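Residue-level structural notes
What follows is the residue order along each chain.
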Amino acid sequence: MAQAKNPAGGKDNFTRNLVIAVVVGVVLIMLVPTVLSKKTNTSAAIPSSVSVEDGYGMVFNKDVKDVPFIEIYEDFQCPSCQRFETISGAYIEDLINTKQAKVAFHMLSFLGAESQLAANAAGCASDQGKFLQFHKLLYANQPPENSGAWSPSYLTTLSLGLGISDKAYDKCIANNSYKDWVVNVANEGAKRNVNSTPTVFINGKEIDRNKAYNSLAEFMLAVKKA
Amino acid sequence: MKEKFIVAQPWIGLFARLILGGVLFIAGYLKVSAPDKSQMAVRAYEMLPISVANALGLILPFAEVAIGALLVLGALTKYMAALGGFTMIIFIVAISQAWARGLNIDCGCFGGGGAVAPGETKYLQEILRDTGLALLAGYLIRYPVTKFAVDKTTVNKTVNKKTGDVA
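What comes next is a walk through the structure. (Residues numbered from 1 in each chain as written. Chains lettered and ligands numbered in written order. Predicted model: local features only at pLDDT ≥ 70, side-chain atom pairs only at ≥ 80, totals over all residues.)

Right, let's talk about the pairing of strand S4 (residues 102–108) of chain A for a bit. All names here are of chain A. Counting buried positions over the seven residues of S4 gives seven, a clear majority of the element. Pairing between strand S2 (residues 57–60) and S4: three bridges, direction antiparallel. Bridge pairing in S4 places Val-59 opposite Ala-104. With seven bridges connecting them, strand S3 (residues 69–75) and S4 associate as parallel partners. Paired with Ile-72 across the two strands is Phe-105, which belongs to S4. Crossover connection from S3 via helix H2 (residues 79–97) to parallel S4: handedness right-handed. (Buried ≥ 20, exposed ≤ 12 C-beta atoms within 10 Å, placed from the backbone. Helix = DSSP H or I, 4+ residues; strand = E, 2+ residues; numbered from the N terminus. Pairing = 2+ DSSP bridges. Right-handed = clockwise from strand over helix to strand, strands pointing away.)

What follows is the structure in C-alpha cells.
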C-alpha cells in the first residue's frame with residue numbers, strides 16, 4: 001500500500017500514462033460516432049404512410065375515426081414477433097382492410113444490423129404500397145439472428161415474389177435510404193419505454209403480457225373491448 | 001504464513017485484475033455495437049427516468065470497456081478497481097430491487113436484457129457472480145500492487161520495502 005511519491009517514478013509513469021491515454025482515446029473515438037448516430041434527425045427522409053406524430057410509425061387508416069388504435073413495436077429478427085405475426089397477423093390485416101382499426105407498425109432494430117436493413121427495406125416496400133405483404137413475407141422467411149442471410153440483394157430478390165420490380169426500390173434498399181428514419185423509430189420506441197418485442201398498445205394501453213400475445217382469441221377480445 | 005502471502009499477494013492481484021478486468025471488458029465489448037439493446041436493458045430495471053436510463057445505456061458499455069482494459073493492463077489499478085467495484089455494487093442493488101419488485105427481466109450484463117418470460121430470470125446467479133467480482137475489486141483496492149502491471153513504479157517500490165529483494 002506504500003504509495004508515497006517516488007521522485008524517480010517519472011520515467012515509469014510515462015508508460016502507464018501512455019497506456020491510459022491510448023485506452024481512453026480509443027474508447028472515446030468509438031463512443032462519439034455511436035452517440036451521434038443515435039441522434040434523432042428531424043429532416044430524415046421518411047417512407048410513405050409514416051406518421052411523424054405517431055412516433056415515426058407506419059400508419060394505416062390514419063384518419064378513420066372511432067376505431068381502436070393498435071400500436072405494434074417489433075423487430076423483424078425477433079422470434080416472438082414472428083410468433084405474434086403468425087398468431088394475430090392475419091386478423092390485424094383484416095382489421096386494416098375493413099377499416100375497423102387504426103394500426104401503427106414501429107419496426108425497431110435493436111437486434112442488430114440485419115434488423116436495420118430489414119426495417120429500411122420495409123420503408124422501401126411501403127413506397128411501393130406493399131408494406132403489409134413485405135412484413136408478412138419477411139417473417140415467413142426469418143433466419144436465425146444476424147446469420148448474414150438478410151443482405152440487401154437477398155431482400156431485393158425476395159421482393160420479386162411480391163411483384164415489386166422497380167429500380168427505385170432496389171436502389172432504396174442498396175443505399176439504405178431510410179437509415180435515419182430507422183434510427184428515429186428506435187428513439188421514439190426508447191422514449192415510449194418499450195423494453196421488449198413485440199410490445200402492443202391498444203388505445204395507449206399495453207395488452208396483457210401473459211395472455212394476449214400468444215392467443216388470437218385473447219387478442220381479439222382485447223381489441224373488441226377497446 | 002505471512003511471508004508466503006507477501007510472495008503470493010501480487011500474483012493473486014494479477015489473477016483478480018485479469019478476472020475483474022476481463023469480465024468488464026468482455027461485457028462492455030458485447031454491448032458497444034448494440035446501443036438500442038443496451039438502453040432497453042437499463043430501462044427495464046425501472047429505476048431511472050427514461051431519458052437518464054437511455055443515456056446510461058449508451059455510455060455504460062464504453063465505460064466498462066475502458067475500466068476493463070485498464071485493469072487488464074494494470075494501469076491505475078487501485079482506482080479502476082474502485083470504479084469496477086462500485087459498478088458491481090450498483091448492479092447488485094439494481095438486480096436485487098428488480099427481484100424484490102417481481103420484475104421479469106434479464107440483467108443485460110453481457111448483451112441481451114429487457115423483459116423476459118416469468119420463470120426465465122436468473123437473479124440469484126447474477127447477484128452471486130457480481131458479489132464475487134466485487135470481492136476481487138475489494139482485494140485490489142486493499143492490495144493494488146500486482147504482477148505484470150504497467151503501474152511499475154508502485155510495484156517495485158512496495159515490494160522493495162517489504163521484502164528488500166526487488167530492485
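Once that is clear, we can look at the environment of Leu48(B). All names here are of chain B. Its location among the elements puts Leu-48 in the loop between helix H2 (35–43) and helix H3 (50–73). By the C-beta count within 10 Å, which is 15 here, Leu-48 ends up partly exposed. The contact partners of Leu-48, leaving out residues within four places of it in the chain, are Ala-53 and Leu-56. (Contact = placed C-beta atoms within 7 Å.)

Turning to the packing of helix H4 (residues 77–100) of chain B against helix H5 (residues 123–142) of chain B, a few remarks are in order. Between two packed helices, the angle of one axis relative to the other and the distance separating the axes together describe the packing. All names here are of chain B. Running from N to C, H4 and H5 cross one another at 160°; their axes reach a closest spacing of 8 Å. Relative to H5, the element H4 is oriented roughly antiparallel. Pair H4 / H5 crosses with left-handed handedness. Taken together, the residues that form the contact of H4 with H5 break down as 15 nonpolar, six polar and three charged. (Axes fitted to C-alpha atoms, helices over the stretch in contact; angles between N-to-C directions. Parallel < 35°, antiparallel > 145°, perpendicular 65-115°, else oblique. Left-handed = near helix turned anticlockwise from the far one by under 90°. Nonpolar A, V, L, I, M, F, W, Y, C, P; charged D, E, K, R; others polar.)

We now examine the pairing of S3(A). Residue and element names in this part refer to chain A. Of all seven residues in S3, six are buried; the element is thus mostly enclosed. Pairing of S3 with strand S5 (residues 199–202) involves four bridges; the strand directions are antiparallel. Along S5, the bridge assignment pairs Ile-70 with Ile-202.

Residues lying three or four places apart along an α-helix face the same way, a consequence of the helix completing one turn every 3.6 residues. Residues and elements named next belong to chain A. End to end, helix H7 (residues 179–191) covers 19 Å across 13 residues, agreeing with the expected 18 Å (1.5 Å per residue, within 8%). Among all positions in H7, only Trp-181, Val-182, Val-183, Asn-184, Val-185, Ala-186, Gly-189 and Ala-190 are buried. One or two steps after H7, the chain reaches Asn-193, where phi turns positive at roughly 65°. (Expected span 1.5 Å × (residues − 1).)

Below, the discussion takes up the nonpolar core. Among the nonpolar cores identified, the biggest contains 95 residues, and Val103(A), Ala118(A), Ala121(A), Ala122(A), Val185(A), Leu20(B) and Leu70(B) are the most heavily contacted of them. Here this core takes nine residues from H3(B), the largest share from any one element. The residues contacting Ala121(A), other than those within four sequence positions of it, are Leu155(A) and Ile173(A). (Core = buried A, V, L, I, M, F, W, Y, C linked by C-beta atoms within 7 Å.)

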